[in-house]
Protein chains: 2
Amino acid sequence: MADPTERSFSGPSEQIMRATYRALREHGYADLTVQRIADEYGKSTAAIHYHYDTKEELLAAFLDYLLEQFVASIREVETTDPEERLTVLLDTLLVEPEDNLDLLIAILEMRSQAPYKEAFRTRFEQNDEYIRYMLKAVINHGIDEGVFDDVDADHVARALMTIVDGARTRAVVLDETTALETARRTATEYADAMLR
Amino acid sequence: MADPTERSFSGPSEQIMRATYRALREHGYADLTVQRIADEYGKSTAAIHYHYDTKEELLAAFLDYLLEQFVASIREVETTDPEERLTVLLDTLLVEPEDNLDLLIAILEMRSQAPYKEAFRTRFEQNDEYIRYMLKAVINHGIDEGVFDDVDADHVARALMTIVDGARTRAVVLDETTALETARRTATEYADAMLR
């Protein structure tokens, strides 16, 4: 599995990713054009196509960028205590700022296209695998230290990601930001029941 | 809340719904046309427009139809034992036949359009509300009979639907039919932890 932090966005790439983020939140996925991203970037579409041949390639890179952002935010966490690290992971996955709903909407549109767009599906699979890897690592660490029960860490990680993905879908489809709070509570209840 | 079984599909309506089901599974949502539904129906597009003005109206009716099918399948269950009824509900929500993935794909596309299409969002909200109502009823029944702990039935129902929606999203995005099995196991683990 490739380490997502080996992909790096800096300089123009990072500026294009930030422009994509703003354009996606404003226009959604269906109405997104390279022109609209260029408008946010403040340069021509040619300046974008210099880095990314197609819109699909750019959006696939954007999914890499989102994972990189997530990993970076987790890296900043200094605690090595398994219980605290699990809490931080779940908080980061589920306690989204309310003004992030626009991004969740655009991402659900991209997720629904995964069966048709290989580049999207590959990214969603890689991102899921990487986050499950982080969850499994902290669960196994807790088992080794004797603070968690000896559970099937792979299953518990998949279960927690099911709760996370359910919350994100429900937040968009039902227009409920409380879906994330419900899922955060559910994730704690589930983890407590399984790990202790 | 309207009882979804009061909406009824019979005669031509039911035949159009069955045709829509086949067309959606074959072509997906983005490539669905009234012509393609008419082809499955074996009649002209005019015969469909006699019943439904627009494709969106037809698809909104299709979401009603799916709920009706679900409710009908639950009605057939004769047991009144709360534990057995909860098992049947979760089985029906999560143990989909494998060849149903095409329908899940089309529905996730429709779900991702809920923020843009009022008729879809209304249906998804109603369907979710009805299924949560059924889950709450069985949980409260179990509490009354003393077989379940005195939990917050509304929260547990929302938590279970979060697991269900997560599984459906993951089955489509990650092309994993095992997502439904993982979620079925997770739902049992969660219900056992909360209710007993």
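Residues numbered from 1 in each chain as written. Chains lettered and ligands numbered in written order. Predicted model: local features only at pLDDT ≥ 70, side-chain atom pairs only at ≥ 80, totals over all residues. Heavy atoms only, no water.

Colleague: Please clarify how the UniProt feature "domain: HTH tetR-type" (unreviewed entry) in chain A should be interpreted in this entry.
Modeller: UniProt's entry tags residues 10-70 of chain A with the feature "domain: HTH tetR-type" (unreviewed entry), counted in the numbering of this structure. When the span residues 10-70 of chain A is considered, its composition is 74% helix and 0% strand, and the gap between its end C-alpha atoms is 16 Å. (UniProt positions renumbered as here; feature names shortened; annotations may be inferred. Helix = DSSP H or I, 4+ residues; strand = E, 2+ residues; numbered from the N terminus.)

Colleague: Help me out: how do you make sense of the packing of aromatic side chains in this one?
Modeller: Geometry of an aromatic ring pair is reported as the spacing of the ring centres plus the angle between the planes. All names here are of chain A. Scanning all chains against the criterion turns up eight aromatic pairs over all chains. Here the aromatic rings of Phe9 and Tyr65 are separated by 5.4 Å at their centres, their planes lie at 85°, and the arrangement is edge-to-face. You can see Phe9 sitting in the segment before helix 1 (12-27) and its partner Tyr65 sitting in helix 4 (residues 55-75), a full 56 residues away along the chain. Tyr65 carries the same exposure label as Phe9, and that label is buried. An aromatic cluster of three or more residues is present, and its members are Phe9, Phe62 and Tyr65. Over the ring of Tyr29 we find Lys55; its NZ or CZ atom is 6.0 Å from the centre of that ring. (Phe/Tyr/Trp six-rings, centres within 6.5 Å; stacked < 30°, edge-to-face > 60°. Buried < 20%, exposed > 50% of the residue type's maximum accessible area, 1.4 Å probe, protein only. Lys NZ or Arg CZ within 6 Å of the ring centre and 35° of its normal.)

Colleague: Can you walk me through the relation of the copies chain B and chain A in this structure?
Modeller: Comparison of the two chain copies shows a relationship of rotation about an axis with a shift along it. Its rotation angle being 180°, the transformation that places chain B on chain A also includes 0.0 Å of axial translation and leaves an RMSD of 0.0 Å. Such a combination of turn and shift is consistent with a two-fold rotation axis. For chain B, the minimum C-alpha distance to the rotation axis belongs to Gly166 of chain B and amounts to 1.7 Å. A shared interface surface links the copies, since 100% of the contact residues of chain B are contact residues in chain A too. (Least-squares fit on C-alpha atoms with pLDDT ≥ 70 in both. Contact = heavy atoms within 4.5 Å.)

Colleague: Can you help me understand the nonpolar core in this one?
Modeller: The tendency in soluble globular proteins is for nonpolar side chains to be buried side by side. Judged by nonpolar contacts, the single largest core of 140 residues is most densely connected at Met17, Leu86 and Phe124 of chain A together with Met17, Leu86 and Phe124 of chain B. When residues are assigned to domains, this core turns out to be shared by domain 1 (8-76) and domain 2 (80-196) of chain A, each giving three or more. Apart from residues no more than four positions distant in its own chain, Phe124 of chain B is found in contact with Val173 and Leu174 of chain A together with Leu63, Ile107, Met110, Arg111 and Ala114 of chain B. (Core = buried A, V, L, I, M, F, W, Y, C linked by side-chain atoms within 4.5 Å. Domains from an automatic or database assignment.)

Colleague: I keep staring at the domain arrangement of chain A and nothing clicks. Help me out?
Modeller: A common way to express how large an interface is: the accessible area buried when the components associate. All names here are of chain A. Assigned domains of chain A: these are domain 1 (8-76) and domain 2 (80-196). When each unit is reduced to the centre of its C-alpha atoms, the spacing between domain 1 and domain 2 is 24 Å. With 20 residues of domain 1 at the interface, the matching set in domain 2 holds 24 residues. Of the charged contacts, one joins Glu56 and Lys117 as a salt bridge, the two residues approaching to 3.7 Å between their closest N and O atoms. At the surface where domain 1 touches domain 2, the tally comes to five residue pairs in polar contact (both at pLDDT 80 or more). When contributions to the side of domain 1 that touches domain 2 are tallied by element, the ones reaching two or more residues are helix 1 and helix 4. Counting residues per element, the side of domain 1 that touches domain 2 draws most heavily on helix 4, which supplies 14 residues. Grouping the amino acids of the side of domain 1 that touches domain 2 by side-chain chemistry returns 14 nonpolar, two polar and four charged. (Salt bridge = Lys/Arg side-chain N within 4 Å of Asp/Glu carboxyl O. Polar contact = N/O pair within 3.5 Å; in protein donor to acceptor, adjacent residues only side chain to side chain. Nonpolar A, V, L, I, M, F, W, Y, C, P; charged D, E, K, R; others polar.)

Colleague: It is not clear to me how the interface of chain B and chain A should be interpreted in this structure. Could you clarify?
Modeller: Facing the 41 residues of chain B at the interface are 41 residues of chain A. Roughly 3400 Å² is buried in total at the junction of chain B and chain A, and carbon and sulfur atoms are behind 61% of that figure. Its largest share of buried area at the contact with chain A, chain B owes to Thr162, Arg170 and Val173 of chain B, together 19% of the area lost on that side. Here chain B and chain A share eight salt bridges between them. With a shortest N-O distance of 2.7 Å, Arg170 of chain A and Asp128 of chain B are connected by a salt bridge. At the surface where chain B touches chain A, the tally comes to 14 residue pairs in polar contact (both at pLDDT 80 or more). Those elements giving two or more residues to the side of chain B that touches chain A turn out to be helix 6 (101-112), helix 7 (118-144), helix 8 (153-173) and helix 9 (178-195) of chain B. (Buried area = accessible area lost by both parts, 1.4 Å probe.)

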